[in-house]
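The residues making up each chain are set out below.
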Amino acid sequence: MDEPTPGELVIVTGMTGAGRSTAAKELEDLGYFVVDNLPPTLVRDVVRLVDDSRGVHQPIAVVVDVRSGSFFDSLQANRHQQVTGRPTTLLFLEATEDVLVRRQEAARRPHPLQGGGRLLHGLRRERDVMADIRGDADIQIDTSNFNVHQLQDRITELFGTAATTRLKVTVISFGFKYGIPVDADWVADMRFLPNPHWIPELRPQNGRDPEVSAYVLSQPGAAEFLDQYLPVLGTVAEGYLREGKRFMQVAIGCTGGKHRSVAMTEEIAARVRAAGYDVSTAHRDLGRE
């Protein structure tokens, strides 16, 4: 059997205020195992731990900044000697001096090399320290004219795959008597449909049972709701992807979260999945009654 292909190791570094945290967050959303502010001497140890716990296919991103100081020498040595056994990309983020000053002042944080001097002096020291590693970078991104979303898009363009850039949709059923899910992006109320609870033979069953599902989906208004609601979700999903969002949670509620919401959740999930999205379902309150 062929050995699994090692996942990529991305080393994120660059100037303070150039967007390292934004890049790291986007890589995390793309499925990377991210470690922030890692001394380069520990990169090999992190790779070994991830290999053992998650497998060699798990991509990794480590963020290294100027606080690592002389450790940069070991970072360069590790890269050139290919000690991790993974394909490695060094990503360097930078911006113009005036932009970096403005961003740091807006963040109201001192520069790590500022000491008792001015912010500008700290940035210039950092640029000197970073000169060699900047020259050795595989990818350099000047974020001077980028907003957060534009930088996220650039990271996705560089490191995203067809699998990681697909929208992941969770359709969750719930009971209104237990409260609306606080993390729902969209909420739909199925209490406009007759309640199977009042049908003696259906009461002990739930919305995943064929008899209950058939009953719910055959009720007046059910088909019309699905035919009109799914295009709305499709429009929203496309907009989410354009805005760089890759997770959407759709909550479907009824009184107790046992019959109507469960049946409709399963049907909506099946249709969204058939449209090509990565879909999972959850039934928050099923079995709670």
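As the structure is a prediction and not an experimental result, all values here were calculated from the model.

(A) Representation of the sheet that holds strand β5 (residues 139-142). As summarised here, the arrangement of the 5 strands in space is β2-β3-β1-β4-β5, forming an open sheet in which the pairing is parallel. Here the strands that pair on one side only, and so sit at the sheet edges, are β2 (33-35) and β5. Strand-to-strand twist of the sheet, defined as the mean angle between neighbouring strand axes without regard to direction, takes the value 20°. Contacts between helix α1 (residues 20-29) and the sheet are confined to β1 (9-14), β2, β3 (60-63) and β4 (88-94), with β1 contributing the most and set at about 165° to the helix.

(B) Here's a closer look at the UniProt feature "binding site: ATP" (unreviewed entry) in the protein. UniProt feature "binding site: ATP" (unreviewed entry): in the numbering of this structure it lies at Gly14, Met15, Thr16, Gly17, Ala18, Gly19, Arg20 and Ser21. Tracing the backbone through its elements, the reader meets threonine 16 in the loop between β1 and α1. For threonine 16, a relative accessible area of 9% corresponds to the buried category. Leaving out residues up to four positions away in the same chain, threonine 16 has contacts with Leu100, Gln104, His111, Pro112, Leu123 and Glu126. For threonine 16, the side chain forms a polar contact with the side chain of glutamate 126, separated by 2.8 Å.

(C) Structural view of the environment of valine 262. By the secondary structure assignment, valine 262 is in helix α9 (residues 260-274). Given a relative accessible area of 0%, valine 262 falls into the buried group. When the C-alpha positions of valine 262 and glycine 7 are compared, they lie 38 Å apart, and in sequence the two are 255 residues distant. When residues no more than four places from it in sequence are discounted, the contact partners of valine 262 are Ser173, Asn206, Gly207, Arg208, Gly257, His283 and Leu286.

(D) Representation of the packing of aromatic side chains. With the rule as written, the count across this model stands at 4 aromatic pairs. A ring pair is formed by phenylalanine 225 and tyrosine 229, whose centres lie 4.8 Å apart and whose planes are at 20°; its orientation type is stacked. One end of the pair, phenylalanine 225, and the other, tyrosine 229, are both in helix α8 (residues 222-242), 4 residues apart, so they sit about a helical turn from each other. Neither phenylalanine 225 nor tyrosine 229 differs from the other in exposure class; each is buried. Above the face of the phenylalanine 176 ring, arginine 191 is positioned so that its terminal group lies 3.7 Å from the ring centre.

(E) A look at unusual backbone geometry. Non-glycine residue asparagine 37 carries a positive phi angle of around 55°. Within the element layout of this structure, asparagine 37 appears in the loop between β2 and α2 (43-54). Given the relative accessible area of 34%, asparagine 37 is considered partly exposed.

(F) The arrangement of the domain arrangement of the protein in detail. Here the domain parsing of the protein yields domain 1 (9-159) and domain 2 (168-283). Taking the mean C-alpha position of each, domain 1 and domain 2 sit 42 Å from one another.

(G) Spotlight on the side chain of serine 213. Following the sequence through the fold, serine 213 ends up in helix α7 (residues 210-217). The contact partners of serine 213, leaving out residues within four places of it in the chain, are Gly207 and Ala263.

(H) Just the sheet that holds strand β9 (residues 278-283), in detail. Spatially, the 4 strands line up as an open sheet ordered β7-β8-β6-β9, and their pairing is parallel. Across the chains shown, the open sheet's two edge strands, defined by having one partner strand only, are β7 (186-189) and β9. Strand-to-strand twist across the sheet, computed as the mean angle between neighbouring axes with direction ignored, equals 20°. Relative to β9, strand β6 (residues 168-175) runs parallel, the two being bridged by 6 bridges.

(I) Just the packing of α8 against α9, in detail. Look at α8 against α9: their axes get within 11 Å of each other, and the N-to-C directions meet at 45°. As summarised for this structure, α8 and α9 are arranged oblique, according to the angle between their axes. For the pair α8 and α9, the crossing hand works out as right-handed. Residues Ala222, Phe225, Leu226, Asp227, Tyr229, Leu230 and Leu233 of α8 lie in contact with α9, whose contacting residues are Met264, Glu267, Ile268, Arg271 and Val272. Considered class by class, the residues forming the contact of α8 with α9 number 9 nonpolar, no polar and 3 charged.

(J) Spatial organisation of the pattern of salt bridges. For the coordinates displayed, the defined rule picks out 12 salt bridges. Between arginine 154 and glutamate 157 there is a salt bridge, with its nearest N and O atoms 2.9 Å apart. Within this pair, arginine 154 and its partner glutamate 157 are both found in helix α6 (residues 148-159), separated by 3 residues, close to a single helical turn. A relative accessible area of 26% means that arginine 154 is categorised as partly exposed. The salt bridge involving glutamate 267 is made with arginine 271; its shortest N-O contact spans 3.0 Å. You can see glutamate 267 and its partner arginine 271 sitting in helix α9, 4 residues apart, about one turn around the helix. Under the relative-accessibility criterion, arginine 271 is labelled partly exposed at 32%. Sharing partners across several salt bridges, the network here consists of Asp227, Glu267 and Arg271.

The rules behind these values
Residue numbers restart at each chain and count upward from 1, following the sequence in its written direction. Local features in this predicted model are restricted to residues whose pLDDT is 70 or higher, and side-chain atom pairs enter the listing and the counts only when it is 80 or higher, whereas totals over whole chains, interfaces and linings include all residues. The side-chain numbers reported here are obtained from all heavy atoms of the structure, hydrogens and water having been left aside. Between any two strands, pairing holds if DSSP finds at least two bridges. Only DSSP runs of H or I with at least four residues qualify as helices, and only runs of E with at least two residues qualify as strands; both kinds are numbered from the N terminus onward. Angles run from 0 to 180 degrees between N-to-C directions of axes, and those axes are lines fitted to C-alpha atoms, restricted for helices to the stretch in contact. When checking whether two residues touch, look at their non-hydrogen atoms; a contact exists if any pair is within 4.5 Å. UniProt positions are given in the numbering used here, feature names are shortened, and annotations may be inferred rather than shown by experiment. Only protein chains enter the area calculation, which uses a 1.4 Å probe; residues under 20% of their type maximum are buried, those over 50% are exposed, and those in between are partly exposed. Polar contact criterion, stated in full: a pair of N or O atoms within 3.5 Å, where within protein one must be able to donate a hydrogen and the other to accept it, and residues adjacent in sequence count only if both atoms are side-chain atoms. Any Phe, Tyr or Trp ring, taking Trp's six-membered ring, that has another such ring centre within 6.5 Å forms a pair; planes under 30 degrees apart are called stacked, those over 60 apart edge-to-face, and the others tilted. For a ring to carry a charge above it, either NZ of a lysine or CZ of an arginine must fall within 6 Å of the ring centroid while also lying within 35 degrees of the normal to the ring plane. Domain extents, as shown, originate in an automatic or database domain assignment. In this scheme, roughly parallel covers angles under 35 degrees and roughly antiparallel covers those over 145, while 65 to 115 is roughly perpendicular and the rest are oblique. Left-handed describes a crossing in which the near helix is turned anticlockwise from the far one by less than a right angle; the clockwise case is right-handed. Charged means Asp, Glu, Lys or Arg here, nonpolar means Ala, Val, Leu, Ile, Met, Phe, Trp, Tyr, Cys or Pro, and polar covers whatever is left, Gly included. Salt bridges, as used here, are contacts in which a Lys or Arg side-chain nitrogen is within 4 Å of a carboxyl oxygen on Asp or Glu.

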